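# A closer look at the structure
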Amino acid sequence: MSFFKASSLVRSFEESQTLLLSARAKKLAAEGRSIINFGGGELDFNTPSEIIDRAYEAAKKGQTKYTAVSGLPSLRKAIARRISEDYGVGAHEEEILASCGGKQAIYHFLQAVVEPGDEVIILAPYWVSFPEMVKMVGGKPIIVRAKGERITPEEVAAVVSDRTKVLILNSPSNPSGTVLTEDEIKGFMESIASKAAWILSDDTYYRLVYAPARFISPLQIDSDWRKRVCVIGSSSKSYAMTGWRLGWAFGPKELILAMTKLQSQVTSSPASPSQAAAEAALLEFDGVAEDFRTRLIKRRDLMVKALKDIPKVSYLKPDGAFYVFANISGHFAGGSAGPSVTSFCSQLLEEHGVCVIPGVAFGDERFIRLSYSLSEEHISEGIRRIRHALLPK
Ligand code: PLP
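From a predicted model like this one, the values you see are computed outputs, not experimental measurements.

## Things to note about the sheet that holds strand 4 (residues 140–144)
Strand order in the open sheet formed by seven strands is 2-8-7-6-5-3-4, and the pairing between neighbours is mixed. Of all strands in the sheet, those bounded by a partner on one side alone are strand 2 (96–99) and strand 4. With direction set aside, neighbouring strand axes in the sheet form an average angle of 20°. Of the pairings in the sheet, the one linking strand 3 (residues 119–123) to strand 5 (residues 164–170) comprises four bridges and is parallel in character. Pairing of Glu119 across the sheet is with Thr164, part of strand 5.

## A word on the site of the ligand
In the vicinity of the ligand there are 14 residues, among which Gly102, Asp202, Tyr205, Ser234 and Ser236 approach most closely. Interatomic distance of 3.0 Å between a backbone N/O atom of Lys103 and an oxygen atom of the ligand. The separation between an oxygen atom of the ligand and a polar side-chain atom of Trp127 is 3.4 Å. Relative to its unbound accessible surface of 400 Å², the ligand loses 93% to contact with the protein. Of all the elements in the fold, those that place two or more residues in the shell around the ligand are helix 5 (102–113) and helix 10 (235–238). Tallying contributions element by element places helix 5 first for the shell around the ligand, with three residues. Partitioned by chemical class, the residues of the shell around the ligand number three nonpolar, seven polar and four charged.

## Re unusual backbone geometry
Each neighbour pair has its own omega, and for Ala124 with Pro125 the value is -5°, a cis peptide bond. Tracing the chain through its elements places Pro125 in the loop between strand 3 and helix 6 (129–136). Geometrically, the link from Ser171 to Pro172 is a cis peptide bond, its omega value of -5° lying close to zero. The residue Pro172 is located in the loop between strand 5 and helix 8 (182–192) in this model.

## Regarding helix 6
Count 3.6 residues to each turn of an α-helix, and residues three or four apart come out pointing the same way. Extensive coverage of helix 6 is indicated by the burial of six of its eight residues. All of the buried residues along helix 6 are Ser129, Phe130, Pro131, Glu132, Met133 and Val134. Next to the buried residues of helix 6 lie helix 5, strand 3, strand 4, strand 5 and strand 6 (198–202). Once helix 6 ends, the next one or two residues include Gly138, with phi positive near 85°.

## Some remarks on the pattern of salt bridges
Evaluated as defined, the whole model comprises 25 salt bridges. Across the pair Arg81 and Glu85 runs a salt bridge, and its minimum N-O distance is 3.4 Å. One end of the pair, Arg81, and the other, Glu85, are both in helix 4 (residues 73–87), four residues apart, so they sit about a helical turn from each other. When its relative accessible area of 48% is taken as the criterion, Glu85 is described as partly exposed. In this structure, the salt-bridge partner of Glu95 is Arg226, at a minimum N-O distance of 2.9 Å.

## With respect to the state of the cysteines
Tallied over the full model, the rule gives zero disulfides. Cys345 takes part in no disulfide bond, and the closest cysteine sulfur, belonging to Cys355, lies 8.3 Å away. On the accessibility criterion, Cys355 (1% relative accessible area) is buried.

## With respect to the sheet that holds strand 10 (residues 323–327)
The four strands lie next to each other as 9-10-13-12, forming an open sheet whose pairing is antiparallel. Each end of this open sheet is capped by a strand with a single partner; those strands are strand 9 (314–315) and strand 12 (357–358). Two strands pair when backbone bridges link them, and strand 9 and strand 10 are joined in this way by two bridges, in the antiparallel orientation. Bridging from a neighbouring strand, Tyr315 pairs with Ala326 of strand 10.

## A few points about the packing of helix 5 against helix 6
Relative orientation of the contacting elements helix 5 and helix 6 amounts to 40°, with a least axis distance of 9 Å. Between helix 5 and helix 6, the interaxial angle falls into the category oblique. Like other packed secondary-structure pairs, helix 5 and helix 6 cross with a definite hand, here right-handed. On helix 6, the residues touching Lys103, Ile106, Tyr107 and Leu110 of helix 5 are Ser129, Phe130, Met133, Val134 and Met136. The residue inventory of the contact of helix 5 with helix 6, partitioned by class, reads seven nonpolar, one polar and one charged.

## Quick look at the domain arrangement of the chain
Entries for the chain in the domain assignment read domain 1 (8–46 + 288–390) and domain 2 (56–286). Using C-alpha coordinates to define each centre, domain 1 is positioned 25 Å away from domain 2. Residue-level contacts link 34 residues of domain 1 with 30 residues of domain 2. Taken together, the two surfaces of domain 1 and domain 2 that pack against each other cover about 2,800 Å², and 60% of this comes from carbon and sulfur. When residues of domain 1 are sorted by the area they lose upon contact with domain 2, Leu316, Asp319 and Phe362 head the list and together hold 21% of the total. Inspection of the region where domain 1 meets domain 2 yields zero salt bridges. The biggest single contributor to the side of domain 1 that touches domain 2 is helix 13 (residues 287–308), with eight residues. Considered class by class, the residues forming the side of domain 1 that touches domain 2 number 20 nonpolar, seven polar and seven charged.

The rules behind these values
- Each chain carries its own residue numbering, running from 1 in the direction its sequence is written.
- Where local features are concerned, this predicted model is filtered to residues with pLDDT of at least 70; where side-chain atom pairs are given and counted, the filter is 80 or more; whole-chain, interface and lining totals use all residues.
- To obtain the side-chain values, all non-hydrogen atoms of the structure were used and water was disregarded.
- Whether two strands pair depends on DSSP finding at least two bridges between them.
- Each helix is a run of DSSP H or I of at least 4 residues and each strand a run of E of at least 2, with the numbering of both proceeding from the N terminus.
- What counts as an axis is a line fitted to C-alpha atoms, over the stretch in contact for a helix, and the angles between N-to-C directions run from 0 to 180 degrees.
- One heavy atom within 4 Å of a molecule or strand is enough for the residue carrying it to be called near that molecule or strand.
- Polar contact is the term for a pair of N or O atoms within 3.5 Å; when the atoms are in protein, one must be able to donate a hydrogen and the other to accept it, and sequence-neighboring residues count only if both atoms are side-chain atoms.
- All accessible-area figures derive from a Shrake-Rupley calculation using a 1.4 Å probe, and residue coverage is judged against the displayed protein chains alone.
- Asp, Glu, Lys and Arg are counted as charged, while Ala, Val, Leu, Ile, Met, Phe, Trp, Tyr, Cys and Pro are counted as nonpolar; the rest, among them Gly, fall into the polar class.
- Buried, partly exposed and exposed residues are distinguished by accessible area as a fraction of the type maximum, computed with a 1.4 Å probe on protein chains only: under 20%, between the cut-offs, and over 50%, respectively.
- Throughout, a contact is declared for two residues whenever any of their heavy atoms are within 4.5 Å.
- In what follows, salt bridge is the name for a side-chain nitrogen of Lys or Arg lying within 4 Å of a carboxyl oxygen of Asp or Glu.
- Pairs of cysteine sulfur atoms within 2.5 Å are identified as disulfides in what follows.
- Comment on the angle field: the value is read as roughly parallel under 35 degrees, roughly antiparallel over 145, roughly perpendicular from 65 to 115, and oblique elsewhere.
- Crossing handedness follows the turn of the near helix against the far one: under a right angle anticlockwise gives a left-handed crossing, and clockwise gives a right-handed one.
- Throughout the structure description, domain borders are defined by an automatic or database domain assignment.
- The term buried area denotes the loss of accessible surface (1.4 Å probe radius) that occurs when two parts are joined, taken as the sum for both partners.

Structural data, given as structure tokens:
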């Protein structure tokens, strides 16, 4: 018998399903199977070589040591500049924390503001880590589900209570690609306005928005909310830099100091060569984000068109990020659509070599999430295999 016994903390939350299935898909591919992986949470493009060169040059010059916990001043200035330009709000270095990915910044934010029993409102479908991170800090995830196609401010207002501490917004959304409209955000802000509650605005995908949709931040709607909004950003998705682990938080100085204090005891600074890479991306090679965005539109259109041809599959056309969240429950009889869709995903991978993520990981078991950050050939072949698995001749 193992000496190890998992702590109550470890037992209190779930492992990331998206990472688990993607790992299985990678293992099968390494064994020589032909795998189409729609499961990934990252761009298939490599980090542009100019950005890699900057990190290499910086490391050669000695940027290989710990830096200030919150990141080098030059990086924080670069992040502040990008936020000032893109959001139209004057951001300052001391309002920025650079972290090992946006993920770490989100966790430190929750640690910094949530007391045990506090409620955190999360809109479904949601990014897998939101509810689990809330549980890890002793908070209570309050999930809001849309009765219609999209969640309304009234549906959010209905769950607001005196224990509401945070409302998490994620636009564009992982997993649905939904971009929140100005009216929706205004309505959500009004629903918590009378409470001492924060907005965590996870803007990880804000550079990947497809016209006519337009990214809008709560900060652009009402600058008075600066005192109660924490923005999360990342180099991961905009510049194809997931492995460099460099993200950030932008918020009031006091909040950033608290998050820095937490980070100082957990990881210290993010990796210093990664800081050089992110700084170069933000200041010198920002055009790559636009280039990726343009290339992704084509793939989105291909994916959506191919899915449309499969009977009993429905989805909302994504306006951002690089995922389609598709309802396939019509293919599974009776009331047990949940387990069927979920077990279908395992069968799809093992028997047809296609990895998709079951929607249960994102709070809706009728759906699957497909990433379209794949070559056009792979998108077409993968959808052909899914169609075949759903509608065997
Ligand atoms: N937020 C969302 C919605 C995400 O999808 C991800 C990554 O998949 C993150 C945050 C964290 O990204 P990173 O830690 O790579 O910056």
